Amino acid sequence: MECNDVVNSLIDEFKIKLPKMNLVDSEKTVYKKYPWIELSEQIVRDQNDHKTNYIRIKRPNFSMILLKNKLDQILFQLRYRLGSKSYVLELPAGICEEEENAEECAHRELKEELGISNVKLEFLNSCYLDAVRSECNGYFFMGIIDLKVNPKAENIEGELEESTFFWMEKSLIKTTLIKIAI
């Protein structure tokens, strides 16, 4: 279902009034590092005709894959992330390249990072990463693979941040994540 269809359904079902949109008077790029990020400054006018500066972040969409094996284990990726200045536990993921849809991106990432191909992926859902400042969308997939796959546990060629992949029992996920958070 498209976003406009959802919005129209909400308006019809709940008899709500659609909030007014702020108007963008102008927009200019203030920083660009292709393909990772672009910052633009907008002059925005609200319903009362007040103008304000607004910074908008443009970054590519991404795909993330919940990969399970036949033992019901989940594949995780551990890496130190420069942005958070911390070790981060993630699912395999990557940004969508130009003219690549989200599922193609997910398959490419599995091939590049893990050497895995021909995985049947099920689309789970999508969401905005930060709808306040960006239109970047995250697309989430699930796939089940054979037990024979052993993920690489070394630096991925061309990557700035080294990754270690490992399988975790579903029963340990909650306990492990709590320990990491403390």
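Please read these numbers as outputs of a predicted model, since none were measured by experiment.

Please clarify how unusual backbone geometry should be interpreted in this entry.
Here the bond from Tyr 34 into Pro 35 is cis, since omega is -5 degrees, no more than 30 degrees from zero. Along the chain, Pro 35 turns up in the loop between β1 (23-33) and β2 (37-45). Non-glycine residue Asp 72 carries a positive phi angle of around 70 degrees. Tracing the chain through its elements places Asp 72 in the loop between β4 (62-69) and β5 (73-81). Residues other than glycine seldom take positive phi values, yet Glu 99 does so here, at roughly 60 degrees. Tracing the backbone through its elements, the reader meets Glu 99 in the loop between β7 (93-95) and α2 (102-114). Among the residues examined, Glu 99 registers a relative accessible area of 82% and is labelled exposed.

Looking at this model, I keep getting lost on the pairing of β5. Mind explaining?
Strand residues, when the strand is regular, have side chains that alternate between the two faces of the sheet. Sheet topology note: the β5/strand β10 (residues 163-169) ladder contains seven bridges and is antiparallel. In the sheet register, Gln 73 faces β10, and the bridge partner there is Glu 169. Examined bridge by bridge, β5 and strand β6 (residues 86-90) share five bridges and lie antiparallel to one another. Counted as the bridge partner of Arg 81 is Ser 86 from β6. The hairpin formed by β5 and β6 contains four residues between the paired strands, and Lys 85 there has a positive phi angle of roughly 55 degrees.

How should the pattern of salt bridges be read in this particular structure?
Pairing between side chains becomes possible if they bear opposite charge and their charged atoms approach one another. Applying the stated criterion across every chain yields a total of 17 salt bridges. The shortest N-O distance in the salt bridge between Lys 32 and Glu 38 comes to 3.7 Å. Using a relative accessible area of 54% as the deciding quantity, one classes Lys 32 as exposed. The exposure class of Glu 38 is buried, given its relative accessible area of 13%. With a closest N to O distance of 4.0 Å, Arg 79 and Glu 90 form a salt bridge. On the criterion of sequence distance, the pair formed by Arg 79 in strand β5 and Glu 90 in strand β6 is long-range, its members being eleven residues apart. Exposure remark for Arg 79: the relative accessible area of 5% places this residue in the buried category. Since its relative accessible area comes to 17%, Glu 90 is described here as buried. Each of Glu 27, Lys 32, Glu 38, Arg 56, Lys 58 and Glu 135 takes part in one network of salt bridges that share partners.

Looking at this model, I keep getting lost on the side chain of Asn 137. Mind explaining?
Residue placement: Asn 137 occurs in strand β9 (residues 137-145). If near-sequence neighbours (up to four positions away) are discounted, Asn 137 is found in contact with Asn 61, Phe 62, Ser 126, Cys 127 and Tyr 128.

So what exactly am I meant to see when it comes to the sheet that holds β1 here?
Pairing between the strands of a sheet is mediated by backbone hydrogen bonds and can be parallel or antiparallel. The three strands are arranged β1-β2-β3 in an open sheet whose pairing can be described as antiparallel. If you trace the sheet from one side to the other, it starts and ends with β1 and β3 (51-58), each paired once. Mean inter-strand twist for the sheet, computed between neighbouring axes without regard to direction, equals 20 degrees. Where β1 lies against β2, nine bridges are found, and the strand directions are antiparallel. When the bridges of β2 are listed, Lys 33 appears paired with Ile 37.

Each value, and the rule that gives it
- Residues numbered from 1 in each chain as written.
- Predicted model: local features only at pLDDT ≥ 70, side-chain atom pairs only at ≥ 80, totals over all residues.
- Heavy atoms only, no water.
- Helix = DSSP H or I, 4+ residues; strand = E, 2+ residues; numbered from the N terminus.
- Buried < 20%, exposed > 50% of the residue type's maximum accessible area, 1.4 Å probe, protein only.
- Pairing = 2+ DSSP bridges.
- Salt bridge = Lys/Arg side-chain N within 4 Å of Asp/Glu carboxyl O.
- Contact = heavy atoms within 4.5 Å.
- Axes fitted to C-alpha atoms, helices over the stretch in contact; angles between N-to-C directions.

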